[in-house]
Amino acid sequence: MYQRYSIDIPLIEGHYSGTGDLMAALLLAWTTRCEHDLSRALELSVASVHAVIRRTFDSIYEGKNPHRELRIIQSAPDILNPVLD
């Protein structure tokens, strides 16, 4: 049986290296924590990645992140407890 999922994500301009690796790691972790509920794991993973990208975007334009590195450590609360809109 096949299932299809769709998640709307607001666009954040820019290029961010490492988001695919981050998404893969989070999806694996959330799939395990959500007892293999893939739709819930996808929602939580996307929410976390989006929060990391948002924080990274903000830090670049505030002049705090000239190398455009993902703000993973600074986003720990969003990764551990993502907010679903």
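Because the structure is a prediction, the values reported are computed rather than measured.

About the cut-offs
Residues numbered from 1 in each chain as written. Predicted model: local features only at pLDDT ≥ 70, side-chain atom pairs only at ≥ 80, totals over all residues. Heavy atoms only, no water. Core = buried A, V, L, I, M, F, W, Y, C linked by side-chain atoms within 4.5 Å. Buried < 20%, exposed > 50% of the residue type's maximum accessible area, 1.4 Å probe, protein only. Helix = DSSP H or I, 4+ residues; strand = E, 2+ residues; numbered from the N terminus. Contact = heavy atoms within 4.5 Å. 1 Å grid on protein atoms, 1.4 Å probe; cavity = no way out; pocket = protein on both sides within 12 Å on 5 of 7 lines; lining within 4 Å. Points joined across faces, edges and corners; volume = space filled by probe spheres on them. Nonpolar A, V, L, I, M, F, W, Y, C, P; charged D, E, K, R; others polar.

(A) Representation of the nonpolar core in the model. Counting residues in hydrophobic clusters, the biggest one holds 14 residues, and the most contacted among them are Tyr16, Leu22, Leu26, Trp30, Val49, Val52 and Ile53. Only α1 (19–33) and α2 (38–61) provide two or more residues apiece to this core. The leading source of residues in this core is α2, at 6 residues. In contact with Val52, other than residues within four places in its own chain, are Leu22, Leu70, Arg71, Ile72, Ser75 and Ile79.

(B) Here's a closer look at the layout of surface pockets. By volume, the largest pocket amounts to about 350 Å³. What lines the largest pocket is a set of 13 residues, among which Val46, Ala47, Val83, Leu84 and Asp85 lie closest to the centre. The dominant element in the lining of the largest pocket, judged by the number of residues it contributes, is α2, at 5 residues. Taken together, the residues of the lining of the largest pocket sort by class into 8 nonpolar, 1 polar and 4 charged.

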